[in-house]
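Here's the letter readout for the chains.
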Amino acid sequence: MAGEVTLPPAYRLITLDTVESTNDEAKRLAREGAEDGTLVWAREQGAGRGRGGRHWASPRGNLYLSLVLRPECPASRAAELGFVAAVGLGTALASLVPPLCPVNYKWPNDVLLGERKVAGILIETESALQPQPGDPLEWMVLGLGVNVQHYPEDTEFPATSLRYEGAGDVTVEALLGAFALYFLDWANRWMEEGFAPIHAEWKERGLGIGRKIRVRLPRETLRGKFMDLDADGALLLQPEKESGIRRITAGDVFFE
Ligand code: BTN
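The rules we used
Residues numbered from 1 in each chain as written. Predicted model: local features only at pLDDT ≥ 70, side-chain atom pairs only at ≥ 80, totals over all residues. Heavy atoms only, no water. Pairing = 2+ DSSP bridges. Helix = DSSP H or I, 4+ residues; strand = E, 2+ residues; numbered from the N terminus. Axes fitted to C-alpha atoms, helices over the stretch in contact; angles between N-to-C directions. Contact = heavy atoms within 4.5 Å. Domains from an automatic or database assignment. Buried area = accessible area lost by both parts, 1.4 Å probe. Salt bridge = Lys/Arg side-chain N within 4 Å of Asp/Glu carboxyl O. Polar contact = N/O pair within 3.5 Å; in protein donor to acceptor, adjacent residues only side chain to side chain. Nonpolar A, V, L, I, M, F, W, Y, C, P; charged D, E, K, R; others polar. Buried < 20%, exposed > 50% of the residue type's maximum accessible area, 1.4 Å probe, protein only.

### Brief notes about the sheet that holds strand β1 (residues 12-19)
Judged by pairing direction, the sheet is mixed, and its 7 strands sit side by side in the order β1-β2-β3-β7-β6-β5-β4 without closing on themselves. The open sheet terminates on both sides in strands that have one partner only, identified here as β1 and β4 (103-106). Between one strand axis and the next, the sheet turns through 20° on average, direction left out of account. Against the sheet, helix α1 (residues 22-31) touches β1, β2 (38-45), β3 (63-69), β6 (116-125) and β7 (140-146), its axis set at about 150° to β2.

### Overview of the side chain of E25
Positionally, E25 belongs in helix α1. Residue contacts for E25: discarding those within four places in its chain leaves L16, V19 and V40.

### Observations regarding the domain arrangement of the protein chain
Under the domain assignment, the protein chain is made up of domain 1 (12-205) and domain 2 (212-255). Using C-alpha coordinates to define each centre, domain 1 is positioned 23 Å away from domain 2. Contact residues are listed per partner, giving 15 residues for domain 1 and 18 residues for domain 2. For domain 1, the biggest contributors to the area lost against domain 2 are W107, E156 and H199; these three give 44% of the whole. On the surface where domain 1 and domain 2 come into contact, there are 4 salt bridges. A salt bridge links E156 to R216; the shortest N-O distance between them is 2.7 Å. Connecting domain 1 to domain 2 are 9 residue pairs in polar contact (both at pLDDT 80 or more). At the level of secondary structure, the elements contributing two or more residues to the side of domain 1 that touches domain 2 comprise α2 (78-96) and α4 (196-205). With 3 residues, α4 is the single largest residue contributor to the side of domain 1 that touches domain 2. In terms of residue class, the side of domain 1 that touches domain 2 is made up of 7 nonpolar, 1 polar and 7 charged.

### Points about the sheet that holds strand β8 (residues 212-216)
Spatial strand order, β11-β10-β9-β8-β12: 5 strands in an open sheet with antiparallel pairing. Only two strands of the sheet have a single neighbouring strand rather than two, namely β11 (246-248) and β12 (252-255). Here the strands of the sheet are splayed against their neighbours by 45° on average, with no regard to which way each runs.

### Re the pairing of β7
Within β7, 7 of the 7 residues are buried, which leaves it mostly tucked inside the rest of the structure. Across the two faces of β7 the burial is the same, with M140, L142, L144 and V146 and V141, G143 and G145 all buried. Looking at chain direction, β3 and β7 are connected through 7 bridges and run antiparallel. Looking at the pairing, L69 lines up with M140 of β7. Direction of pairing for β6 relative to β7: antiparallel, over a ladder of 7 bridges. If you follow G120 over to β7, its bridge partner there is G145.

### Brief notes about the environment of A10
Its location among the elements puts A10 in the segment before β1. Residues A10 and A180, 170 residues apart in the sequence, show an inter-C-alpha distance of 9.3 Å. Ignoring sequence-local partners within four residues, the contact set of A10 consists of D36, G37 and L184.

In structure tokens form, the structure reads like this:
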């Protein structure tokens, strides 16, 4: 049953029954000048995309949304908004799922229930051909997929759904409303206080710090100890086979 969705006035909601990818639709709207807070929500996607060009299974029953943002910040700070979104979603989930179902984060922006992934975030943007440090970010699209009723069983990192974890009565509409509310709260804190409070909140529920991990980068895979989250959200790794610390800004993390 489709319920009502009420969002704070900062958002302009576009509801679609089906679409190839809400991120593609939001990017198209952003290029045409869509305002900050334009939120594209679809019941299902024909060609949902995940990070690294991977497929994102998108059957009916899960949440698929993409948000157009026009933050007044340099493009170099765009990645911080991925953490703002993860923390916003984590806060929303923690308010909706049973207390025995712990909400955790996996670097950079995955949201887990226990140690299984329930949600992923895909940030896409377009910038000048030769961006200079400090160039402003014209727009970015923040795409979010949450496994509410279904989860894929063939993923490299184990997945789960709210239903599998005993929270199948949470509706997509309630989750969308809660995410919109908490994302706005955390985004306002980010604008007023900077990244520090988001960094601290991520670390409260972030898994793997101090543990042995494997990080897959585009051209190599590194094993080592996850030392800490850097002040700007980068992963600080002490590789097994190197001295010194590697600062990683993009990659896929697996726990060893
Ligand atoms: C990941 O790989 O973890 C990120 C997954 C992001 C999926 C969402 S679903 C809504 C939006 N539209 C897409 O095509 N992808 C994102």
